[in-house]
Amino acid sequence: MITAVDHVQLAAPPGTEDLLRPFYTDVLGMTEIPKPGVLAARGGCWFRAGAVQIHVGVERDFRPSAKAHPGLRVTAIAAYADRLRSHGVDLTWDDDLPGHDRFYARDPVGNRLEFLESRV
């Protein structure tokens, strides 16, 4: 029986870790967490905010997905959107999910991210 999502794995081109770290830590407010030694040797980086983890792995022939994305629940979504915009992140608001405010953004390598907050 599945009880929870442990993490979401995203991909990135080789050598982009130093581009991604400030986005996930400074912009999104996550904390970088160490990868186990054998996995660290493969490149990539891992991040956490509370119980949410995003693992970014290296993919040689990387192409960002146009549709696939993690959906990240946030609080104070308008203020969070302002935070991202203040760092130069482009947002696309979407009001198609009843009972929620949500927007999409992309990380520096083009991974699509959804941010949402329930209105209930």
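What counts and what doesn't
Residues numbered from 1 in each chain as written. Predicted model: local features only at pLDDT ≥ 70, side-chain atom pairs only at ≥ 80, totals over all residues. Heavy atoms only, no water. Phe/Tyr/Trp six-rings, centres within 6.5 Å; stacked < 30°, edge-to-face > 60°. Helix = DSSP H or I, 4+ residues; strand = E, 2+ residues; numbered from the N terminus. Buried < 20%, exposed > 50% of the residue type's maximum accessible area, 1.4 Å probe, protein only. Lys NZ or Arg CZ within 6 Å of the ring centre and 35° of its normal. Core = buried A, V, L, I, M, F, W, Y, C linked by side-chain atoms within 4.5 Å. Contact = heavy atoms within 4.5 Å. Pairing = 2+ DSSP bridges. Axes fitted to C-alpha atoms, helices over the stretch in contact; angles between N-to-C directions.

Tallied over the entire structure, the rule returns five aromatic pairs. On the numbers, 5.1 Å between centres and 25° between planes, the contact of Phe 103 with Phe 115 is stacked. Highlighted residues: Phe 103 in strand S7 (residues 100-106) and Phe 115 in strand S8 (residues 112-118), separated in sequence by 12 residues. Assessed through its relative accessible area of 1%, Phe 115 is described here as buried. One aromatic cluster in this structure is built from Tyr 80, Trp 93, Phe 103 and Phe 115. Here Arg 112 stacks its cationic end above the ring of Tyr 104, 3.9 Å away from the centre of that ring.

In terms of nonpolar packing, the biggest core is built from 27 residues, with Tyr 24, Leu 28, Val 56, Leu 84, Phe 103 and Phe 115 touching the most fellow members. If you list the elements that add at least two residues to this core, you get strand S1 (8-12), helix H1 (17-27), strand S3 (45-49), strand S4 (52-58), helix H3 (77-86), S7 and S8. Residues contacting Leu 28, with those up to four places away along its chain left out, are Phe 23, Tyr 80, Arg 83, Leu 84, Leu 113 and Phe 115.

Okay, the sheet that holds strand S5 (residues 71-73) next. A sheet is described by the order of its strands in space; here four strands give the open sequence S5-S8-S7-S6, paired in mixed fashion. What marks the edges here is a single partner per strand, and that holds for S5 and strand S6 (92-93). In this structure, S7 lies alongside S8, joined through seven bridges in antiparallel fashion. Pairing of Arg 102 across the sheet is with Leu 116, part of S8. Contacting S6, S7 and S8, H3 runs over the sheet at an angle of about 15° to S7.

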